[in-house]
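This is what each chain is made of:
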Protein chains: 2
Amino acid sequence: MKTQSAVIERLLKYRDVMQKMKGLGFVRVFSDNLADAVGVSPSLVRKDFSIFGLTGNKRGGYQMEELIAKLNIILGKDRKQKIIIIGCGKMGRALINYNGFPRVGIRVAAGFDSDPAVLDEAAPIPILHISKIKDFITEKGIQVAVLTVPEPSAQSIIDSLKKTCIKGVINFAPVSLRSSENFIIQNINVEQEIENIFYQIHFADGAASSGEESK
Amino acid sequence: MKTQSAVIERLLKYRDVMQKMKGLGFVRVFSDNLADAVGVSPSLVRKDFSIFGLTGNKRGGYQMEELIAKLNIILGKDRKQKIIIIGCGKMGRALINYNGFPRVGIRVAAGFDSDPAVLDEAAPIPILHISKIKDFITEKGIQVAVLTVPEPSAQSIIDSLKKTCIKGVINFAPVSLRSSENFIIQNINVEQEIENIFYQIHFADGAASSGEESK
DNA sequence: CCTTTTTTGTTATTAAAATAACATATTTTT
DNA sequence: AAAAATATGTTATTTTAATAACAAAAAAGG
């Protein structure tokens, strides 16, 4: 029912690797190359491609030019990928100006905030008052939003976004919101990732789990 | 060989949920509660706890106060969790001032950058020149860093960090760096997450995969 | 004080994901 | 032109992870 998120993540990585290889002058790529680069087995690379009907040559690997083009279509890079940023505190403004987005064809259409002090309607990427968000989304046909608001506001904003044509959200608020059938939420929880790393380090040090009984 | 990252992520979520329940006046919690909140089965909740020797009462669920305390020890929250931010552009400075960190006991010890314009040695969380990073890490015993530098610098910084007592890194640069045996790298790739969402939306619209042959 | 209910802790089962294996097609080499 | 080598595409196997099932313990009710 739900498409494998992990497969798509790998396709995105394959594409990025190939883009870089192309820059180095390579024309063909082998499943072994991509496997090494992404850290999976060659058979998984071939299987991933197979799922989407991407084929190579029984000998001679894959033509990158062609493969990248097909991947881009599969990944929707032929369409304009417009997003909005909701919450223009430090993090939100950092994302509005993030040059990694245009580089991969993602365009920030606008930012939104409730604080009049941060509004800037005249900027190249305008920061508008939150009251204008619904009309803006409808008018521009925005489907994806990035949420960089304080935790308490996150859920209520999600609820109101569900009544618009927004279909997916990246949530930076430190609360794990859950996806539903036709509304995708991807949580990015930096503090959780850091806490996870601290655990892994501590565990690696040999402290292991606390409750080890003899068996 | 490698500890399950997914289990720890769930433990962190259980703890967060319980913290909130505690705020609402609850004293006990059942595996069903946590399962609902986190979106897994009750048996998985109990299994996760079981792995770490966390027990409840055969009837009456788990005492939250006690459980949270034990979880915090397992997750290393009894220790000081100091981190540094490498790269003090907009994103790095947003993280330095992020109040989500102190709230969960993570302390940003300093930021580092090569650009003299952003340095500020006198600030509560100082921004120091990158040349001072090695001494700082050693002196303060920093084990975790957040990398918010432009993509081209990321790998070389990782390489030099591997020669220090840093054991784990959160990488915001849009390049998937790989963990090794005793150096953990957790990539946070916002554009990749967004591209993934766009794919999911497009797929949900019925366009599906491009290469479907009859079979 | 015995019966019923509830919820844990653990084992068994199912489901999913990744790897390994191999037959087939295509070059290259001799 | 035949034999050897190579890398795909697909099937089989293994590994991993999650759910379901259930026996045992503890509380509640009559």
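What's the story with the domain arrangement of chain A in this structure? I'm lost.
Note on interface size: it is often stated as the accessible area lost on association of the parts. What the domain assignment lists for chain A is domain 1 (5-74) and domain 2 (81-192). Averaged C-alpha coordinates put domain 1 of chain A and domain 2 of chain A at centres separated by 31 Å.

Would you take a moment to explain the sheet that holds strand β8 (residues 184-187) of chain A for this structure?
In a beta sheet, neighbouring strands are held together by backbone hydrogen bonds and run either parallel or antiparallel to one another. All names here are of chain A. Taken together, six strands build an open sheet; the order of strands is β5-β4-β3-β6-β7-β8 and the sheet is parallel. With one partner strand each, in any of the chains shown, β5 (127-129) and β8 form the two edges of the open sheet. Strand-to-strand twist across the sheet, computed as the mean angle between neighbouring axes with direction ignored, equals 25 degrees. Each of β3 (81-86), β6 (144-147), β7 (168-171) and β8 touches helix α8 (residues 151-161); the most contacted strand, β6, lies at about 170 degrees to it.

In this structure, what is going on with the protein's contact with DNA strand C? I would like to understand it.
Around DNA strand C sit 23 residues in total, of which Gln 4 of chain A together with Arg 46, Gly 56, Lys 58 and Arg 59 of chain B are the nearest. For DNA strand C, the backbone portion of the atoms within 4 Å of the protein, that is sugar and phosphate, comes to 55%. One of the side-chain nitrogen or oxygen atoms of Ser 41 of chain A is found 3.0 Å away from a phosphate oxygen of DNA strand C. Arg 59 of chain A places a side-chain nitrogen or oxygen 2.9 Å from a base oxygen of DNA strand C.

What is the right way to look at the interface of chain A and chain B in this model?
In this complex, chain A contributes 70 residues to the contact, which on the side of chain B involves 70 residues. Counting each side, the surface lost to burial between chain A and chain B is near 6200 Å², with a carbon and sulfur contribution of 62%. If you sort the residues of chain A by the area they bury against chain B, Glu 195, Phe 198 and Tyr 199 of chain A come out on top, with a joint share of 11%. Between the two partners, chain A and chain B, sit six salt bridges. Counting across the interface, chain A meets chain B through 18 residue pairs in polar contact (both at pLDDT 80 or more). Here the residues of the side of chain A that touches chain B are counted per class, giving 32 nonpolar, 19 polar and 19 charged.

Would you mind showing me how to read the protein's contact with DNA strand D here?
Around DNA strand D, 23 residues are found, and the nearest of them are Ser 31, Arg 46, Gly 56 and Lys 58 of chain A together with Gln 4 of chain B. Of what DNA strand D places within 4 Å of the protein, 53% of the atoms are sugar or phosphate. One nitrogen or oxygen atom from the side chain of Ser 31 of chain A is found 2.7 Å from a phosphate oxygen belonging to DNA strand D. Arg 46 of chain B places a side-chain nitrogen or oxygen 3.4 Å from a base nitrogen of DNA strand D. At the level of secondary structure, the elements contributing two or more residues to the surface near DNA strand D comprise α3 (42-51) of chain A together with α3 (42-51) of chain B. For the surface near DNA strand D, the element with the most residues is α3 of chain B, which contributes four residues. Across the surface near DNA strand D, the residue classes tally to three nonpolar, ten polar and ten charged.

In this structure, what is going on with the relation of the copies chain A and chain B? I would like to understand it.
The operation relating the two chain copies consists of a rotation about an axis and a shift along that axis. Under the fitted operation, chain A is carried onto chain B by 0.0 Å of movement along the axis and a turn of 180 degrees, and the coordinates agree to an RMSD of 0.0 Å. Taken together, the rotation angle and the small translation identify this as a two-fold axis. Relative to the rotation axis, the closest C-alpha in chain A is found at Met 91 of chain A, a distance of 3.2 Å. By residue overlap, the copies meet face to face through one surface: 100% of the interface positions of chain A are interface positions in chain B.

About the cut-offs
Residues numbered from 1 in each chain as written. Chains lettered and ligands numbered in written order. Predicted model: local features only at pLDDT ≥ 70, side-chain atom pairs only at ≥ 80, totals over all residues. Heavy atoms only, no water. Domains from an automatic or database assignment. Pairing = 2+ DSSP bridges. Helix = DSSP H or I, 4+ residues; strand = E, 2+ residues; numbered from the N terminus. Axes fitted to C-alpha atoms, helices over the stretch in contact; angles between N-to-C directions. Contact = heavy atoms within 4.5 Å. Near = heavy atom within 4 Å. Polar contact = N/O pair within 3.5 Å; in protein donor to acceptor, adjacent residues only side chain to side chain. Buried area = accessible area lost by both parts, 1.4 Å probe. Salt bridge = Lys/Arg side-chain N within 4 Å of Asp/Glu carboxyl O. Nonpolar A, V, L, I, M, F, W, Y, C, P; charged D, E, K, R; others polar. Least-squares fit on C-alpha atoms with pLDDT ≥ 70 in both.

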